[in-house]
Amino acid sequence: MKSNRSLIGVIAFALALCWAGILTAGSSPNQIANSKDLSLNSVSVEKFDVNVKTLTEVTERHDMTADKNNSGSMAQSPTQGGEDISSATVIPSMPYLDSGTTAGYADDYQEVCDNEGLLNLPDVVYSYTPLRNEVVNIVTCESSYFTRIFVYQGDADTLVGCNRFAIQCGQPPRAGIYELPMDSGKTYYIVVDGDDLGGAEPPGYGEYVLDCTREAIVDDSAQVHPGYADDGGGNVVLTYEDIIVFDDASADTMVMWMGSNDDAASFATVGGWSISGGYPSVRAFGGNGQFYGTLVPGAGEFDGGHTYLIDIDNVAAMDNWGLFHWDWTQHGWHDMQMSAIATDNQQAAWQWGMLSFISSTTYGEGLTNAPHISYPISDGSATISWLINVDGCATTAIDIDPITRRSYAVYDWLNPATSTWELLIRQDFVDSLLEDPGPGVNAWSFTVGGALEHAQYPSVAVDNSNLVIVTEYWDENSGDDRDIVCWSTSDSDIVSINLSVIAGTIDNERFPKVAHVTGNIFLCTFVRGDTLFQSLSYDAGVNWSTPEEASDPSIETLVSEYRTSDLTEAASKMVWEWRIKDDLDSAIFIRIGNSSFVLDSDGDGVNDDLDVCPGFDDNLDDDGDGVPDGCDICPGYDDTIDTDTDGIPDGCDWKCGDANGDESINVGDAVYMINFVFKSGAMPDPPGRGDANGDCSLNVGDAVYLINFVFKSGPDPICNPACVW
């Protein structure tokens, strides 16, 4: 049954989100610079005699609503805010409850909130100086008019919070700022201002109620394990674990979900369910603003024995965002370790896609950290399916081929016979998941050479049978150094697989992610030291470009851990964890940015944004006119010369039969052709001018044709497009 959890709304400004321009990676595939001699042994593959079992469970759908967050009894306080910052009413401590009016006060401060402009309305001011780091809620939901709240730090030049209509207040709209971090010893000024709805009643001033609460005293915070999705139509969802460590060393973790409908320029909605968990995963469901996500439940959530689905149907309004779960604990499942989601919008809406996850159970013969998949079989029921005899998996990823309709779930599996981490691939046939009996399943295990060589942390992308999987690779014989390798095939049946090196330097390269861009182009990101790198393949994983920096090590230190970064669909955007440069004690933040790598889709060495002739080799220009042969309008002549500006270069702008080039057809042209044929006269320029009868040759027949045209009302000269001059 669907979890009865409350969706707690917060606002975007409180998040440490930053923007970054991603460095370009436009070079063609080449050798990796400064690489060590990474000699990989041949790939060894074992195809399993698959033994698959399934189980079905039912859920119910319930709408989730945002709850106003309120805690504790309120301290008694004065009954009015001050005129301005210099006369601000002091808030002695939290929680704090006050009421008053803005009527009759001056308009001292104005700020733009939620892209709404400045308003000339009266305001009052409070000040607060926390004795310790705190997270504060400032709410005016019970006020009699449309309110707007600003929060400054230190002075009116440093705005740290702004809100006009908080969704938690319900209707009528009022302002509320939730989970605003405040630093110990710094003074914050809370301005209660007014708003309006285009002159609607009530006016933007009057009696207000200020309700302030303290969420927690924060010693440290971290925003980790981000997931990112982009539907390609301006709708974006970002998710991550928000970890707050209190001063008593206890911690609280919530998975946050953020929605944007302006291509991540801003995030209109932010919320999270009161459920412990982590490692969220999210993907778009087509291009209509629908998204689905999942997460790994904490051990305290039904013993980690549920699978979860987050349903986001409108990124700009979280009223109907849904959290669903399927309860497998009653059958013995527990302690999920990792989960990932793949979406598929080619079927009914309730067939959102598939989950891959790693879990344990006492059911039947029992499983420990075994590979699973799950998929819906009706609007409320789902099936889990698992492989037996491959216990001991750690991480997983999944993708669905939109062309061949096959899914690929990948896992790193510790083979107990060799103590080697191997790449495990499970393939399912998506369109036959609901057939009875169930669909066929394939599974393979891949190793690189000997028992001391390992493949870990797989990520997968697939399109039109081009399967690309990236993993860490390391060899115990060579110490602890990690490298990034690619396993690729263009054969859906995985008869053979190609192994290539993406990054193989003496530095540690770790935690890869891969996404399909377009055609045969794939992008891989990975961590090297304190920096995120990226590399492009134009041939579906066979070769890779020299890795280039995607994050800026001069301003930040990347956090190196599993799922420290993510790529959106088509690799259009990236996200990663970072700390303040060289400060290992700083909080961990999330940085997002648009990928600005430059593609060379036709492989001619000229990036697409500079490509003169897309789809053709820009380097071939036989007539030297600066126009590549593939796009040459007038081969053999300068396309840039167009005297009459009719769009046809002068070299090809002529009339058939106008042999002498005087722009008219008369007896002079017949004489010109007789001189050319019989008296070694000049050839028409271009030759096609003299081909009056369209037989693609120049002879006396053209002179006769012209005489008939001029003196005997014969047919017009013929321009034969099949002629090559």
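Quick caveat: nothing in here was measured; it's all calculated off a predicted structure. (Residues numbered from 1 in each chain as written. Predicted model: local features only at pLDDT ≥ 70, side-chain atom pairs only at ≥ 80, totals over all residues. Heavy atoms only, no water.)

Participant: Whenever I open this one, the overall build of the chain confuses me. Can you help?
Facilitator: A count of helices and strands for the chain gives 2 helices and 40 strands. In the chain, buried positions account for 53% of the 725 residues. Pairs at least 24 apart in sequence give 60% of the contacts found in the chain among residues at least 6 apart. Summed over its atoms, the accessible surface of the chain is roughly 28900 Å², and 49% of this surface lies on carbon and sulfur atoms. (Helix = DSSP H or I, 4+ residues; strand = E, 2+ residues; numbered from the N terminus. Buried < 20%, exposed > 50% of the residue type's maximum accessible area, 1.4 Å probe, protein only. Contact = heavy atoms within 4.5 Å. Areas by Shrake-Rupley, 256 points an atom, 1.4 Å probe, with all protein chains shown as cover.)

Participant: What's the story with the sheet that holds strand E35 (residues 531–537) in this structure? I'm lost.
Facilitator: Two pairing modes exist for strands in a sheet, parallel and antiparallel, and in both the strands are linked by backbone hydrogen bonds. The 4 strands lie next to each other as E33-E34-E35-E36, forming an open sheet whose pairing is antiparallel. Each edge of the open sheet is held by one strand with a lone partner, namely strand E33 (509–518) and strand E36 (548–549). Note: E33 against strand E34 (residues 521–528), 7 bridges, orientation antiparallel. From the neighbouring strand, Val514 faces E34, where its bridge partner is Cys524. (Pairing = 2+ DSSP bridges.)

Participant: Even after reading the chapter, I still don't get the pattern of salt bridges, so can you show me in this structure?
Facilitator: Close approach of charged atoms lets side chains of opposite charge pair. For the structure shown, the criterion picks out 18 salt bridges. Between Arg405 and Asp344 there is a salt bridge, with its nearest N and O atoms 2.8 Å apart. Of the two residues, Arg405 sits in the loop between strand E25 (393–400) and strand E26 (406–415) while Asp344 sits in the loop between strand E21 (333–343) and strand E22 (353–361), which places them 61 residues apart along the sequence. The class of Asp344 is buried, set by a relative accessible area of 4%. Close ionic contact of Arg482 with Glu472 constitutes a salt bridge, the shortest N to O distance being 2.9 Å. Note that Arg482 is positioned in the loop between strand E30 (466–475) and strand E31 (483–489) and Glu472 in strand E30, a separation of 10 residues in sequence. (Salt bridge = Lys/Arg side-chain N within 4 Å of Asp/Glu carboxyl O.)

Participant: Which parts of the structure should I look at to understand the packing of aromatic side chains?
Facilitator: Inspection of every chain in the model, using the stated rule, returns 15 aromatic pairs. Ring centres of Tyr292 and Trp352 lie 6.3 Å apart, and the angle between their planes is 35°; this geometry places the pair in the tilted category. A residue pair is termed long-range when its members are at least 10 positions apart, and Tyr292 in strand E18 (residues 291–297) and Trp352 in the loop between E21 and E22 qualify at 60 residues. Given the relative accessible area of 7%, Tyr292 is considered buried. One aromatic cluster is present, formed by Tyr279, Tyr457, Phe511 and Tyr562 through successive ring pairs. Stacked on the ring of Trp578, the Lys or Arg Arg591 has its end atom at 4.2 Å from the ring centre. (Phe/Tyr/Trp six-rings, centres within 6.5 Å; stacked < 30°, edge-to-face > 60°. Lys NZ or Arg CZ within 6 Å of the ring centre and 35° of its normal.)

Participant: Any chance you could explain the environment of Val192 here in plain terms?
Facilitator: Tracing the chain through its elements places Val192 in strand E12 (residues 188–194). On the basis of relative accessibility, which here comes to 0%, the residue Val192 falls in the buried class. Residues Val192 and Ile138 lie 54 residues apart in sequence; the distance between their C-alpha atoms is 10.0 Å. With residues up to four places along the chain from it excluded, the contact list for Val192 reads Thr102, Pro122, Asp123, Val124, Tyr126, Tyr145, Arg148, Tyr208 and Leu210.

Participant: Is there a simple way to think about the confidence of the model for the chain in this case?
Facilitator: Low pLDDT marks regions whose predicted coordinates should not be analysed in detail. Per-residue confidence for the chain averages 84 on the pLDDT scale, and 85% of its residues sit at or above 70. In this model, residues 1–36 is a region of pLDDT below 50 whose contacts with residues beyond four sequence positions or in other chains number 155 contacts. Across residues 60–77 the pLDDT falls below 50, and counting only partners more than four positions away or on other chains, this stretch makes 54 contacts in the model. (pLDDT = per-residue confidence, 0-100.)

Participant: Honestly, helix H1 (residues 667–678) in this entry has me stumped. Any pointers?
Facilitator: Residues separated by three or four positions in an α-helix point in the same direction, a consequence of the helix having 3.6 residues per turn. Relative to the 16 Å expected for 12 residues at 1.5 Å per residue, H1 spans 17 Å between its end C-alpha atoms, a close match to the ideal helical length. Among the residues of H1, Asp669, Ala670, Met673 and Phe676 are the ones counted as buried. End-on, the buried residues of H1 take up no more than an arc of 125°, which puts them together on one face. In this structure Asn666 caps H1, since a side-chain oxygen of it lies 2.9 Å from the backbone nitrogen of Gly668. Positive backbone phi, approximately 55°, marks Ser680, located one or two places after H1. (Expected span 1.5 Å × (residues − 1). Arc of directions from axis to C-beta. Polar contact = N/O pair within 3.5 Å; in protein donor to acceptor, adjacent residues only side chain to side chain.)

Participant: Looking at this structure, how should I read a nonpolar patch on the surface?
Facilitator: Where nonpolar side chains cluster on the molecular surface, the patch consists of Val667, Val671, Ile674, Val677, Phe678, Val700, Val704, Ile707, Val710 and Phe711 and spans about 790 Å² of accessible area. Elements that contribute at least two residues to the nonpolar patch include exactly H1 and helix H2 (700–711). Here Val677 shows up in helix H1. The exposure class assigned to Val677 is partly exposed, which follows from its relative accessible area of 31%. (Patch = residues over 30% accessible without salt bridge, like charges linked within 9 Å, V, L, I, M, F, W, Y side chains within 5 Å.)

Participant: I would appreciate a short explanation of the sheet that holds E30 in the present structure.
Facilitator: Across the sheet, 4 strands lie side by side as E29-E30-E31-E32; this open sheet has antiparallel pairing. Edge positions in the sheet fall to strand E29 (453–463) and strand E32 (498–503), since each of these pairs with one other strand and no more. Pairs of neighbouring strands in the sheet enclose a mean axial angle of 25°, with direction left out of account. (Axes fitted to C-alpha atoms, helices over the stretch in contact; angles between N-to-C directions.)

Participant: Sorry, what's going on with the pairing of E21 here?
Facilitator: A regular strand carries its side chains on alternate faces of the sheet. By the criterion of burial, E21 is predominantly enclosed, with 8 of the 11 residues buried. Note that E21 and E22 share 8 bridges and pair antiparallel. Bridging from a neighbouring strand, Trp333 pairs with Thr361 of E22.

Participant: Which parts of the structure should I look at to understand the packing of H1 against H2?
Facilitator: Axes are the key here: two packed helices are described by the angle between their axes and the distance separating the axes. In the contact formed by H1 and H2, the axes pass within 9 Å of each other and the chain directions differ by 165°. Relative to H2, H1 is oriented roughly antiparallel. The crossing of H1 and H2 is left-handed. The residues of H2 that touch H1, namely those facing Val667, Asp669, Ala670, Met673, Ile674, Val677 and Phe678, are Val700, Asp702, Ala703, Leu706, Ile707, Val710 and Phe711. (Parallel < 35°, antiparallel > 145°, perpendicular 65-115°, else oblique. Left-handed = near helix turned anticlockwise from the far one by under 90°.)

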